[in-house]
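Close look at the chain arrangement
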Amino acid sequence: MPDGVTAGPPLRILITTDTVGGVWRWSLDLAGALAPRGVETVLAVIGPSPFGPRRREAEAIPGLRLVEIGGALDWLAPSAAPVRETAARVAALAVAERVDVVLLSTPALAALARFAVPVIAINHSCLATWWQAVKGDEPVPDDFRWRIAMNHAGLVSAEAVLTPSRAFAVATKRAYDLPKLPLAVLNGRVAPAVAEERRGRFVFAAGRFWDEAKGLAVLDAAAADMDAPVIAAGPMLGPDGTRAEARHLRSIGVQAEPAMRRWLGRAPVFVSPATYEPFGLGVLEAAQAGAALVLSDIATFRELWDETALFVPTGDSAAIAVAVNALLDDPVRATRLGAVARRRAGRYTAEVMADRMLAVLTAAVRSRRDFVAARAGLTEARARSGAPAPTVPPAPEPIEEPA
């Protein structure tokens with residue numbers, strides 16, 4: 001139990017998640033690590049349903065209740081209206097399930113419905129920071145503007161804003177001109193049991209490669225100059241129809257978790273040429289498996305993996321090939337670098353994440369209860385004195401997408 005948290009009634013929380021991106025893995029690891037700490041989780045799934053092993057894994061977590069609410073993800077919705085409907089469903093579910101606090105993986109929802117309990121928003125990633133990292137000073141398209149405005153409104157409406165790394169907290173504050181720096185609750189993963197490792201001679205990469213921020217084009221160009229095949233695991237077709245192509249590397253598509261563990265257990269080198277990565281669960285999984293890391297030199301990777309990885313300039317395919325070939329030609333060095341990365345990965349566990357998150361959630365609940373108690377006392381005092389009741393401020397204007 002973290003500092004400042006005292007024993008009491010079980011905390012009941014609502015977490016919003018989806019099955020499209022890495023937030024699904026994050027939400028299960030968090031709920032699983034919170035369960036032995038006495039936390040009951042209502043997992044509200046937005047968008048596509050979880051099937052097969054995903055559903056079974058979620059339902060196996062003690063105290064977890066899986067609720068599919070459907071609705072629209074903000075970054076895929078055609079307009080703000082379906083996102084507002086999703087927010088209303090989440091707010092109603094929070095009341096029906098009598099939760100103590102809501103943890104929104106979609107910050108925009110905080111501004112689109114009235115919640116009866118504290119709302120914490122975690123900005124896993126967003127269009128504003130993605131655009132700044134990938135497109136720089138290019139004009140933001142209209143289709144992005146209303147989504148960014150919606151996310152901004154949610155961030156300023158939430159009682160606290162979290163990010164999965166300190167570097168991304170800085171990026172989030174800058175992108176939205178927030179008055180204060182979000183609180184970093186670093187992501188963590190359940191470390192797998194260490195199996196016998198038989199390293200092959202190939203290079204491994206993983207990610208949602210339809211997203212140009214993952215650097216597939218750079219990795220593919222580097223693969224042409226590498227002395228071993230490059231295996232890339234992950235979707236090449238995005239939910240919005242975006243498709244990525246590669247000529248020199250081998251794409252093996254989406255892999256189930258056991259298969260991913262086997263690939264990582266055999267890979268001597270893992271590469272991520274990403275230009276945008278709020279945390280990078282794929283890198284963490286590679287480090288847990290003891291693969292040597294070759295990473296693009298971005299702020300997030302520096303924060304998490306400094307002195308444990310080889311860093312290359314962002315977008316420099318030649319530098320990636322040189323770094324990888326050097327490791328392939330020196331297996332002893334690659335093994336040593338992989339061992340260092342594995343030790344660093346020990347900092348980013350689900351247990352550490354859960355302790356930190358529990359402290360944040362408990363503080364929010366306690367703060368709300370203290371506020372309600374103080375307001376009740378003030379109301380009673382006013383009634384005794386005969387003073388008029390304070391006026392209620394008007395509700396904020398709803399967010400509208402441009403015509």
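Up top you'll find the structure we're talking about.
In what follows, the accompanying structure is described. Just so it is clear, the structure is predicted and the values come from calculations on it, not from any experiment. Residue positions are given per chain, counting from 1 as you read along its sequence in written order. Totals for whole chains, interfaces and linings use all residues, but because this is a predicted model, local features are given only for residues with pLDDT of at least 70 and pairs of side-chain atoms are given and counted only at 80 or more. Excluding hydrogens and water, the side-chain figures rest on all heavy atoms present in the structure.

1. Remarks on the pattern of salt bridges
A carboxyl oxygen of Asp or Glu within 4 Å of a side-chain nitrogen of Lys or Arg is what we treat as a salt bridge. For the structure on display, the rule yields 22 salt bridges. Between arginine 12 and glutamate 97 there is a salt bridge; the shortest N-O distance is 2.6 Å. With arginine 12 in strand S1 (residues 11-17) and glutamate 97 in the loop between helix H3 (80-96) and strand S4 (101-104), this pair connects stretches of sequence that are 85 residues apart. Salt-bridge contacts for glutamate 212 lead to lysine 135; the nearest nitrogen and oxygen are separated by 3.2 Å. Pair noted here: glutamate 212 is in the loop between strand S8 (203-206) and helix H7 (216-223) and lysine 135 is in the loop between helix H4 (127-134) and helix H5 (142-157), with a separation of 77 residues, a long-range link. For every residue, the accessible area (1.4 Å probe, protein chains only) is compared with the maximum for its type, and the residue is labelled buried under 20%, exposed over 50%, or partly exposed between those bounds. Taking the relative accessible area as the measure of exposure, glutamate 212 reaches 47% and is therefore partly exposed. Taken together, the salt bridges that share partners define one network made up of Arg25, Asp29, Glu57, Arg189, Glu257, Arg261 and Glu285. Note on conventions: DSSP H or I runs of at least 4 residues are helices, E runs of at least 2 residues are strands, and numbering of each starts at the N terminus.

2. What to know about the packing of aromatic side chains
The geometry of two aromatic rings is summed up by the distance between their centres and the angle between their planes. Within 6.5 Å between ring centres, the rings of Phe, Tyr and Trp (the latter by its six-membered ring) count as paired, and their orientation is classed by plane angle as stacked under 30 degrees, edge-to-face over 60, tilted in between. This structure, assessed with the given rule, holds 9 aromatic pairs. For the ring pair tryptophan 131 and phenylalanine 144, a centre distance of 5.3 Å and an interplane angle of 70° mean the geometry is edge-to-face. Taken as a pair, tryptophan 131 in helix H4 and phenylalanine 144 in helix H5 lie far apart in primary sequence, 13 residues in all. When sorted by exposure, tryptophan 131 lands in the same class as phenylalanine 144, which is buried. Look at phenylalanine 279 and tyrosine 348: their rings are 6.1 Å apart centre to centre, the planes differ by 90°, and that puts the pair in the edge-to-face class. Note that phenylalanine 279 is positioned in the loop between strand S11 (269-272) and helix H9 (281-288) and tyrosine 348 in the loop between helix H12 (331-345) and helix H13 (350-385), a separation of 69 residues in sequence. Across the pair, tyrosine 348 and phenylalanine 279 agree in class, each one buried.

Nothing here speaks to function; it is all geometry.
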